[in-house]
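Architecture at a glance
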Amino acid sequence: MAQKNTRSAQYKPTVPANEFGKLPPQAIELEEAVLGALMLEKSAYPAVGDILKSDSFYKESHQKIYSAVVDLFSKEEPIDLLTVTEQLKKKGLLEEIGGPVYISQLTTKVASAAHIEYHARIIAQKYLQRELIRVSTEIQNNAYDESLDVDELLESAENSIFEISQVGVKNETTQINPVIEEAIHNIEEASKQKEGLSGVPSGFRKLDKITSGWQNSDLIILAARPAMGKTAFILSMTRNIALDFNRPIAIFSLEMSNVQLVNRLISSECEIEGEKIKNGRLSHEEWDHLNHKIKNLQDSPIFVDDTPGLSIFELRAKCRRLKQKHNISAIFIDYLQLMNAKDMKPGSREQEVSLISRSLKGLAKELNVPIVALSQLNRGVEGRTGYEGKRPQLSDLRESGAIEQDADMVLFIHRPEYYGITEDPDGNDLIGVAEVIIAKHRNGATGTVQIRFRKELAKFIDPEDDFTGNYPGAGEPITLSSKMNSYEEDFGSQSNDFNRPGGGEDRPF
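Residues numbered from 1 in each chain as written. Predicted model: local features only at pLDDT ≥ 70, side-chain atom pairs only at ≥ 80, totals over all residues. Heavy atoms only, no water.

**Concerning the side chain of Lys 64**
- In this structure, Lys 64 sits in helix 4 (residues 60-74).
- Apart from the residues lying within four places of it in its own chain, the contact partners of Lys 64 are Leu 88, Leu 93, Glu 96 and Ile 97. (Helix = DSSP H or I, 4+ residues; strand = E, 2+ residues; numbered from the N terminus. Contact = heavy atoms within 4.5 Å.)

**A short note on helix 14 (residues 284-298)**
- If you check helix 14, its first and last C-alpha atoms are 21 Å apart, about what 15 residues at 1.5 Å a residue would give, namely 21 Å.
- Taking the largest bend as the criterion, helix 14 deviates by roughly 25°, centred on His 292.
- Regarding helix 14, the residues found buried are Glu 286, Leu 290, Ile 294 and Leu 297.
- On its buried side, helix 14 packs onto helix 11 (230-244), helix 12 (258-270) and helix 13 (274-279). (Expected span 1.5 Å × (residues − 1). Bend = angle between axes of the 7 residues up to and from the residue. Buried < 20%, exposed > 50% of the residue type's maximum accessible area, 1.4 Å probe, protein only.)

**Side note on the packing of aromatic side chains**
- Taken as a whole and judged by the stated rule, the model has seven aromatic pairs.
- Pairing Phe 453 with Phe 460 gives two aromatic rings, centres 4.6 Å apart and planes at 40°, and the pair type is tilted. Summarising the burial analysis for this pair, Phe 453 and Phe 460 share the class buried.
- An aromatic cluster is present here, built from Tyr 45, Phe 57, Tyr 66 and Phe 73 joined pairwise through their rings. (Phe/Tyr/Trp six-rings, centres within 6.5 Å; stacked < 30°, edge-to-face > 60°.)

**Some points on the side chain of Ser 267**
- Within the fold, Ser 267 resides in helix 12.
- Exposure remark for Ser 267: the relative accessible area of 2% places this residue in the buried category.
- When sequence neighbours within four positions are dropped, the list of residues in contact with Ser 267 reads Ile 272, Glu 273, Gly 274, Ile 277, Glu 456 and Leu 457.

**Some points on the environment of Ala 68**
- Turning to its location among the elements, Ala 68 is positioned in helix 4.
- Classification of Ala 68 by relative accessible area gives buried; the value is 0%.
- Sequence-wise, Ala 68 and Thr 85 are 17 residues apart; in three dimensions their C-alpha atoms are separated by 8.6 Å.

**Considerations on the packing of helix 12 against helix 14**
- Running from N to C, helix 12 and helix 14 point in directions that differ by 115°, and their axes come no closer than 9 Å. When the axes of helix 12 and helix 14 are compared, the pair comes out roughly perpendicular. With respect to the hand of their crossing, helix 12 and helix 14 are arranged in right-handed fashion. On helix 14, the residues touching Leu 265, Ile 266, Glu 269 and Cys 270 of helix 12 are His 289, Leu 290, Lys 293, Ile 294, Asn 296 and Leu 297.
- Per-class residue counts for the contact of helix 12 with helix 14 are six nonpolar, two polar and two charged. (Axes fitted to C-alpha atoms, helices over the stretch in contact; angles between N-to-C directions. Parallel < 35°, antiparallel > 145°, perpendicular 65-115°, else oblique. Left-handed = near helix turned anticlockwise from the far one by under 90°. Nonpolar A, V, L, I, M, F, W, Y, C, P; charged D, E, K, R; others polar.)

**Details of the nonpolar core**
- Grouped together as the largest cluster of nonpolar side chains are 45 residues, with contacts concentrated most on Leu 207, Phe 233, Phe 332, Leu 411 and Phe 460.
- Among the elements that take part in this core, helix 11 stands out by supplying eight residues, more than any other.
- Setting aside anything within four residues of it in sequence, one finds Phe 460 in contact with Phe 204, Met 228, Gly 229, Ala 232, Phe 233, Ser 236, Ile 413, Ala 434, Ile 451, Arg 452 and Phe 453.
- Judged by nonpolar contacts, the second largest core, of 33 residues, contains Leu 219, Phe 252, Met 339 and Ile 437. (Core = buried A, V, L, I, M, F, W, Y, C linked by side-chain atoms within 4.5 Å.)

**Structural notes on the sheet that holds strand 4 (residues 330-334)**
- Read from one edge to the other, the open sheet built from nine strands follows the order 3-2-4-5-1-6-7-8-9, with strand pairing classed as mixed. Strands at the two margins of the open sheet, each flanked by one partner only, are strand 3 (302-305) and strand 9 (459-461). The sheet shows a mean angle of 25° between the axes of neighbouring strands, direction not considered.
- Inspection of the sheet shows strand 6 (residues 409-414) paired to strand 7 (residues 433-441) by six bridges, in the antiparallel sense. Of the residues in strand 7, the one forming a bridge with Leu 411 is Ile 438. (Pairing = 2+ DSSP bridges.)

**A closer look at unusual backbone geometry**
- Unlike most non-glycine residues, Ser 212 shows phi in positive territory, near 60°.
- Within the secondary structure, Ser 212 sits in the loop between helix 10 (205-211) and strand 1 (219-224).
- The class of Ser 212 is partly exposed, set by a relative accessible area of 27%.

Now the structure itself:
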């Protein structure tokens, strides 16, 4: 034992080189080499312009020199020892960085710009490390602050880390051949879909024929005047997507609570009037029917969030988690004008809505899912008369023209019956008819699709599925194949195995 103690006393651990503290990650010599290379070869800057920014440099003097280089490049002026010196002199910074002598010394640090891109990436990496240290320190300090809300702290921390992760994440310019290969692959995959759709199906056959489903990375704006059934429409789509096609869906309801939203889903799915659901006055048969049908909703991949005054930052954080954990296929937002862009410091409400719509489009691309956002229309519709006058137009979008600009699709819901219009110019009955007007379609056709609206259930359905007697020929005792079979008839199928519960079976109505 004594021998072991002697050995322990003689053992001396290795002392770290920097035993009195820690230095932030840095690469001073590489910073000097990059700046020197930029002044040696005029073609050097384009190689690092997308990698570095002024803050990427650790030394403040290097930040100022690089800013001068950027200024010269933006003015399409030569970049060399003399022009950089003159640019710093104009800005009154020459002596601060060490004078002409220091700048001339930089050009001696490197022989050419051959490895400038590799050196720049190391500098950028050191910058990211410093940013992580800075943000983690802020998070730690805030965590000790008892006055801060924990949920807000978590959200802020997540956003800060994500912003750092996006620094330097840029899409490289790609030769067209691999892009064509990816496009052909997508076409082949779409051809294998049993419904003949390349996107997320809405469950409305004629609408899906025009759109081919809601496409990934698309921002779809669904607008209407109050009482047209915007929320009912997205709930009908949610039910179709989650139950008929078993795809996870996220709904962000800024106007209604989770319970109110679910009550409407229950009313729609169980086909029990909303008033009865609200007051609980159900017959024994209705209770039995509710208990039987509600199981479909209980097991469905529908995720609901009713955070009031949701900000775009909060939405982004929540959607990232839902995408990562549940691989959601689509996002519905009810509705856009109730969101806010806090921390973005917009100058006006119109600018705020513009920021929100632009951020939603960015989020759709980031997560590669369609986002369907509801929007209000202004009162322009109310001042017009006649069948055509009451139909919404793109100019009726409320508060911001940026909504129209950012959206890949703009759809309007219009119910002529609401305005007392019961027939169209050709004399066709419009009682219970709703029009989905595709006013903008960046990657496809525009047009109008008619669907049925069951007011007592706040539910939209395809006209051929309406057996309530609301129009001539409805309500006759028939046997109709399942909805999936109807999709097969409309879109074609390569298989009779529909991969859905009850697929291929006839169901009586």
